[in-house]
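# Tertiary structure, described
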Amino acid sequence: MLFNILGVTCGYGASPVLQDASVQIHSRDFAGIVGPNGSGKSTLLRTISRVLQPLHGKVLLEEEDIYDIPASRLAKKMAVIPQEQGLNFPFTVRDVVMMGRIPHLKRFAKESLQDLEAVARAMELTDTDVLADRQVNELSGGEKQRVLLARALAQEPKILLLDEPTAYLDLNYQIEIMELLVRLRRDYGLTIVMVLHDINLASRYCDYLVVVKQGSIHAIGAPHQVITTNMIKEVYGCDVRVECSNSIERPYIVFNSEEILAAGKGRERWVHVVGGGGAGVLLFRNLLKSGWKVSTGVVNVGDSDWQEACRLGVSIIEAPPFCSVGVDEVRRNREMMKKAEFIIMAGIPFGTGNLRNLECVLEEAEKGNPVIVVDNIDIGDRDYTGGRAAELYASLLKSGVHIVKSEWEAIHIMEGDEAKWHPEVS
Amino acid sequence: MIHKRNIKQSILFAILLIILLASFVLGISIGAVSIPPSEVVKIIFSHIPGLDSYLTAGLLPEHETIIMTMRFPRVIIAALVGAGLALAGATFQGLFRNPMADPYVIGVSSGAALGAVCSILVQSLWDIPIRFGIPAFAFVFAVATIFLVYNLARVGGKVPVMTLLLSGIAVNSLLSALVSFCMFFSGNQLHKVVFWLLGGFSGRGWDYVYIFLPYGIVGSTVIFIYARELNAMLLGEEPAQHLGIEVEQVKRHLLIAAALLTGACVSVSGLIGFVGLVIPHIVRMLFGPDHRTLLPAVALIGAAFLLVADVLARVVIAPGELPVGIVTALVGGPFFIYLLRRQKNSMF
C-alpha cells in the first residue's frame, strides 16, 4: 500500500472541513476525488500532500507518517500540481521546469547533465519544449498547466497529486492532459491522485473514485459502482440520468430533460413492459410521457432496451450480458408484474435466453392479470428456439389477453381515452 | 540559449563592477578638498603591503590623512549600506511576493529610529555621552522590533506572509508615533534628530564599518545561500514546499537575515529611503527575476547608487551637506518613474 489515510480530521482554524476520512491508495492507482464545492475534496488532497496537518489521524506514505518525512525527500517521491497556477513572474518556461530539479540538487550544485536530461524529457512529454524560452507570465492558462505538469515530471516522482488539473483547459486539452496521465501511469508506473470537478471525466479515466460529501467520505469505488442516479441525488442534490453507451465500467451522467421530469411528477399508475432488443424503446418513451410509472424486465445489461431504460430512469430487472434469465431475476420480474396495473408484452424476439420471460407472462395471463400483447411481427420471424416460443406464444394469445398491432394501440387500451393520445415517432 | 544568456550576464556584471569601482574613486576624490582620482588610486594602493615602497613618492601626507581617516571609510560604509538595503529589499519583495515591500516594511526602521531618538534624548537630558550610543540603541531597538513583529504574526507555528505584513504595518505606525512623540519633546535636540532620521554618512569613520560588518556579512550570506529557495517561493509557498523546501524554516531564516541587515544599515546611516524599494525593481528589469543573478547584481547596483547619491549630497550645496535620503529620492524617483512608464506591463 502506498498511501494509508487513517481517520483524518482536518481543517482551517477550529472548524474541521474533513471529518474522520480513511482512504487507501495503492501504487499505480489512478484515483479521482470528486464532490461538490466546499465538500472537502481539495482539503483531502492537501492533507495527502502534507500542506495541511491533520487535527486527528494520520497520513502514512509507505508506512511512514508523512510529517516525519523531510520536504526534500518527499519532493523526490511526490509532485503536486496545485489549483492556483501562480506563474506570475517573468521566468522562462525552462527556468520553471528546472525548478523541478531542486529536490535533487545539493546546495550551490550546478545542474548536471542528468538534470538537464530530466528537464528535456519532461518538456518533451508535455509538449512544452516549443515554449522553452517564453516567459511563463505570458502563457495561456492551458500552456501554464502544461508547464506545471512538466515541472512536476522533472521531479521524477512516483506519485502525482493534481488539484483540478483540467479547470483552466479547453475540451481538447482536458482530454490531452488526461490521456498523458494515463500514458505516464502506463510507461513510468506513476500513481495518480486527482481532484476533479467533472464527474464524467473522472469516470472516463479513474480506476476508482472517492466521493466526498460535507467533509466526510460518502463512497469509494469503481466509477460504475459509485456513479448512480441516487449518489448524484444524495451528494449533489440534483436529478440526472446515468448512461453507459461507451462502456459499462465508465458510466456518464446526463442532465434530465425538463419534459420527462415534469411528466414524472405524481406518477401512480404502473405498467411493466417485457422488452428486449429495442422493441421496448417506443413504449418507454410514450408511456413516460403519458404519465405512467414504467418498469421493465428481464433484459440483458447492454441491450438497447436496457440502455434506453437506463437513460429514461425506468426501473429495470436486469440479467448479465448474453446470459440466460436466471431464477432470481424471474422472481423479481414476477414481483414487478404483480405490482403493475398492466403488463405489456412487446414484440420481442425470443431465444433460449429470454424464454422464461414469455413463460412468466403466460402464467400471469392465465391468472387473469391484464396483459397486452403487441403482436406486430409474426412470431415465426422472431422465434429462435425451434418452435418452443411459438407454442407458448400461441397459448398466450389464447389466454384472453388484449392483442394489439402497435405500441400506440396498447396505450389506447390502457388510457381508455383516445383524445389524450399523441403518438410520437422517434 | 542558456550559454548566450550567461555571456550577456557576465558582460553586465563586468560593467557593474567597473561602475562600482569608478564611483568608489569618484566618491573619495570629490569633497571640500578635491583630490585627483589618480592620486586617490595611488594612496589606496600604497596601503597594500608590498606596494607601499613604490607608490609613496610624491604623495601629500594631508591628502593621505583625509582619504584614509575620513573619505575612505565613508565611501565604504555608503557602499555597504547601499548593498545591504538593496539586498534586504530584494529579499522582502521575493519573500512577500509583493512589489511594494521594502526593507522598512515590517517596522525595523521605525524601531531603529526610536532607538536612535532615545539615545539622542538620553544623552542630552542627562548629559551622559555614550560612545556609539546612536548605532547601538538603534540596532538593539531594530532587533527587538523584528522579534515583536514576528511573534505577533505567528499563527499556530506558521508565519503567514499576510499577517506578517499587517503586523509589520501596525507596529511600524505605533513606533513612528512614538518617534514623533519623542521629537515633540526633544526641544533643542530636534535638529539633530531630524538630521539623523533623514539619513547620511557624514562623520562616519572606520568604527562604523566595524559595527556594520558582522551583521552585514551574516545577513547577506544567509540571503545568498537561499537564492534558489527565493526563486521557488516566488511561485508560492505551497508549490515551494512541494519542491522540497522547508518553507517556514527558510522564511524564518530569511526574515531574520534581512531584518538584521536592515537594522545594521539603519543604525549606521539613519533612514535612507528608496534604495531598498527601487534598486531591486531596476535590477529585475535588467537581469530578470532569478535571484541567483538578481541578488549579486542588486548588491552591486545598490552600492554604486548610494555612493553616487552620497557624492551628490556632498556637492549640491557645498560646503554644506544634504541628507543623503533626500538625494536618493530626488534622483531615483524620476528615474524609476521613467523605467516604469517604459515597461509598465511587467513590473515584477
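Reading the values: the criteria
- Residue numbering note: each chain is counted from 1, following its sequence as written.
- Each chain is given a letter, starting from A, and each ligand a number, starting from 1, according to the order in which they appear as written.
- A pLDDT threshold of at least 70 governs which residues receive local features in this predicted model, and a stricter bar of 80 or more applies before side-chain atom pairs are shown or counted, although totals over entire chains, interfaces and linings include all residues.
- Side-chain figures throughout are based on the complete set of non-hydrogen atoms in the structure, without hydrogens or water.
- By the criteria applied, helices consist of DSSP H or I runs no shorter than four residues and strands consist of E runs no shorter than two, each listed in order from the N terminus.
- Based on C-alpha atoms, the radius of gyration is set beside the globule rule, defined as 2.2 Å times the residue count to the power 0.38.
- Here the accessible surface of atoms and residues is derived via Shrake-Rupley with a 1.4 Å probe, and residues count as covered only by protein chains that are part of the display.
- None of His or the chain ends enter the tally, which takes Lys and Arg as positive and Asp and Glu as negative.
- Every charge is mapped to an atom, namely NZ of Lys, CZ of Arg, CG of Asp or CD of Glu.
- Patches were defined on residues exceeding 30% relative accessible area and lacking a salt bridge, with like-charge contacts within 9 Å and nonpolar side-chain contacts (Val, Leu, Ile, Met, Phe, Trp, Tyr) within 5 Å.
- Definition used for salt bridges: Asp or Glu carboxyl oxygen within 4 Å of a side-chain nitrogen of Lys or Arg.
- Each residue is assigned to one of three classes by its accessible area relative to the maximum for its type, calculated with a 1.4 Å probe on protein chains only: buried under 20%, partly exposed between the two thresholds, exposed over 50%.
- Only the stretch in contact is used when fitting a helix axis, every axis being a line fitted to C-alpha atoms; angles between N-to-C directions are given from 0 to 180 degrees.
- The labels follow the angle: roughly parallel below 35 degrees, roughly antiparallel above 145, roughly perpendicular from 65 to 115, and oblique for the rest.
- Take the far helix as your reference; a near helix turned counterclockwise from it by less than a right angle gives a left-handed crossing, and one turned clockwise gives a right-handed crossing.
- In what follows, residue pairs with any heavy atoms lying within 4.5 Å of each other are defined as contacts.
- One bridge is not enough; two strands pair if DSSP finds at least two bridges between them.
- Definition of nonpolar core: a set of buried residues of the types Ala, Val, Leu, Ile, Met, Phe, Trp, Tyr and Cys, connected through side-chain atoms within 4.5 Å.
- Using a 1.4 Å probe, buried area is obtained as the accessible area two parts lose upon being combined, added over both of them.
- Between N or O atoms, a polar contact is any pair within 3.5 Å; within protein, one atom must be a potential hydrogen donor and the other a potential acceptor, and residues adjacent in sequence are included only when both atoms are from side chains.
- Under the scheme applied, nonpolar residues are Ala, Val, Leu, Ile, Met, Phe, Trp, Tyr, Cys and Pro; charged residues are Asp, Glu, Lys and Arg; polar residues are all the others, including Gly.
- Here the expected length of a helix is defined as 1.5 Å per residue gap, with one fewer gap than residues.
- The term bend refers to the angle at a residue between two fitted axes, each drawn through seven residues, those ending there and those starting there.
- The rule for a disulfide is simple: a pair of cysteine sulfur atoms within 2.5 Å.
- Side-chain rings of Phe, Tyr and Trp, where Trp is taken by its six-membered ring, are said to pair if the distance between their centres is within 6.5 Å; with planes under 30 degrees apart they count as stacked, over 60 as edge-to-face, and otherwise as tilted.

### Structural notes on the overall build of chain A
Each helix and strand in chain A was counted, giving 16 helices and 18 strands. The C-alpha radius of gyration of chain A comes to 28 Å, more than 25% above the 22 Å expected for a compact globule of 426 residues. A principal-axis box enclosing the C-alpha atoms of chain A has dimensions of 95 × 45 × 40 Å. Summed over its atoms, the accessible surface of chain A is roughly 18,800 Å², and 49% of this surface lies on carbon and sulfur atoms. One way to put it: in chain A the 46 positive side-chain charges average out to a point 5 Å from where the 57 negative ones average out.

### Here we look at the environment of Ser173(B)
Mapped onto the elements of the fold, Ser173(B) is located in helix H7 (residues 161–184). Separated by 83 residues in the primary sequence, Ser173(B) and Ala90(B) place their C-alpha atoms 23 Å from one another.

### Here's the deal with a negative patch on the surface
Residue and element names in this part refer to chain A. Taken together, the side chains of Glu124, Asp127, Asp129 and Glu176 define an acidic patch exposed on the protein surface. Along the polypeptide, Glu176 turns up in helix H6 (residues 171–188). Classification of Glu176 as partly exposed rests on a relative accessible area of 37%.

### Focus on the packing of helix H6 (residues 133–153) of chain B against helix H12 (residues 247–269) of chain B
Residue and element names in this part refer to chain B. Contact geometry for H6 and H12: axes closest at 8 Å, N-to-C directions at 155 degrees. Here H6 is positioned roughly antiparallel relative to H12, judged by the angle of their axes. Every pair of crossing elements has a handedness; the one defined by H6 and H12 is right-handed. Facing Pro135, Ala138, Phe139, Ala142, Val143, Ile146 and Tyr150 of H6, the residues of H12 in contact are Arg252, Leu255, Ala259, Leu260, Gly263, Ala264 and Ser267.

### Section: a nonpolar patch on the surface
All names here are of chain B. A surface patch of nonpolar side chains, amounting to about 550 Å² of accessible area, comprises Val308, Leu312, Val315, Val316, Ile317, Leu330 and Val331. Of all the elements in the fold, those that place two or more residues in the nonpolar patch are helix H14 (291–315) and helix H15 (324–342). Along the chain, Leu312 falls in helix H14. On the accessibility criterion, Leu312 (31% relative accessible area) is partly exposed.

### What about the pairing of strand E4 (residues 56–61) of chain A?
All names here are of chain A. Of the strand pairs in this sheet, strand E1 (residues 3–12) and E4 are connected by 5 bridges, and their pairing is antiparallel. Of the residues in E4, the one forming a bridge with Leu6 is Lys58. Looking at chain direction, E4 and strand E5 (residues 64–65) are connected through 2 bridges and run antiparallel. Note that in E5 the partner of Leu61 across the bridge is Glu64. What sits between E4 and E5 in their antiparallel hairpin is a turn of 2 residues, with Glu62 showing a positive phi close to 50 degrees.

### Brief notes about the sheet that holds strand E7 (residues 159–163) of chain A
All names here are of chain A. Here 6 strands make up an open sheet; going across it, the order is E6-E7-E8-E3-E9-E10 and the pairing mixed. Sheet topology places strand E6 (78–81) and strand E10 (216–221) at the edges, where each strand pairs with a single neighbour. Across the sheet, the axes of successive neighbouring strands diverge by a mean angle of 15 degrees, strand direction being ignored. With 5 bridges connecting them, E7 and strand E8 (residues 191–195) associate as parallel partners. Each residue of the ladder has a partner; that of Leu160, found in E8, is Ile192. Running over the sheet, helix H1 (residues 41–48) touches strand E3 (30–34), E6, E7, E8 and strand E9 (208–213) and is turned about 150 degrees from E7. Relative to E6, helix H5 (residues 141–154) is tilted by about 170 degrees, and along the sheet it contacts E6 and E7.

### Some points on the nonpolar core
It is characteristic of soluble globular proteins that their nonpolar side chains tend to be buried jointly. Counting residues in each nonpolar core, the largest one holds 168 residues, and the members touching the most others are Leu160(A), Leu181(A) and Phe96(B). Ranked by residues supplied to this core, first place goes to helix H4 (residues 61–96) of chain B with 19 residues. If sequence neighbours within four positions are ignored, Leu181(A) has contacts with Phe30(A), Leu149(A), Leu160(A), Leu162(A), Ile192(A) and Met194(A). Listed in part, the 49 residues of the second largest apolar core include Ala319(A), Val325(A), Met337(A) and Val361(A).

### Examining the pattern of salt bridges
Inspection of the entire model under this criterion finds 27 salt bridges over all chains. Two residues, Glu391(A) and Arg388(A), come together in a salt bridge whose shortest N-O distance is 4.0 Å. Of this pair, Glu391(A) and Arg388(A) both sit in helix H15 (residues 388–398), 3 residues apart, which is roughly one turn of that helix. A salt bridge links Asp290(B) to Arg292(B); its shortest N-O distance comes to 3.2 Å. Using a relative accessible area of 37% as the deciding quantity, one classes Arg292(B) as partly exposed.

### Observations concerning the interface of chain B and chain A
A common way to express how large an interface is: the accessible area buried when the components associate. Taken together, the 27 residues of chain B in the interface contact 34 residues of chain A. Summing both sides of the interface, chain B and chain A together bury roughly 2,700 Å²; the carbon and sulfur share of this comes to 58%. If you look at where chain B meets chain A, you find 3 salt bridges. Glu238(B) serves as the salt-bridge partner of Arg46(A), at 2.6 Å between the closest nitrogen and oxygen. In this assembly, chain B and chain A are joined by 7 residue pairs in polar contact (both at pLDDT 80 or more). Listed by contribution, the elements that provide at least two residues to the side of chain B that touches chain A are helix H1 (2–29), helix H9 (206–225), helix H10 (227–234) and helix H11 (237–242) of chain B. Per element, the largest residue contribution to the side of chain B that touches chain A is 5 residues, and it comes from H10(B). Along the lines of polarity and charge, the residues of the side of chain B that touches chain A split into 13 nonpolar, 5 polar and 9 charged.

### A few points about H9(B)
All names here are of chain B. When the terminal C-alpha atoms of H9 are compared, their 28 Å separation across 20 residues agrees well with the 28 Å that a helix rising 1.5 Å per residue should span. At Leu213, H9 is deflected by roughly 35 degrees, the largest bend along its length, and proline Pro214 occurs up to four residues later in sequence. The set of residues buried in H9 consists of Tyr208, Val209, Phe212, Gly216, Gly219, Ser220 and Ile223. Lining the buried residues of H9 we find H4, H6, H10, H12 and H14.

### With respect to the state of the cysteines
Enumeration over the complete set of coordinates arrives at 0 disulfides over all chains. As a non-bridged cysteine, Cys182(B) has Cys118(B) as the owner of its nearest cysteine sulfur, 4.9 Å distant.

### Focus: the packing of aromatic side chains
All names here are of chain A. Under the counting rule described, the total for this entry stands at 8 aromatic pairs over all chains. Note on Trp292 and Phe342: the rings are 5.9 Å apart at their centroids and 70 degrees apart in plane angle, and the pair reads as edge-to-face. Residue Trp292 is located in the loop between helix H11 (281–289) and strand E14 (293–300), and its partner Phe342 is located in strand E16 (residues 342–345); the two are separated by 50 residues in the primary sequence. Neither Trp292 nor Phe342 differs from the other in exposure class; each is buried.

### Structural notes on the side chain of Gln174(A)
If you trace the backbone, Gln174(A) turns up in helix H6. Once residues lying within four places of it in the same chain are set aside, the contact partners of Gln174(A) are Thr166(A), Leu169(A), Asp198(A) and Leu201(A).

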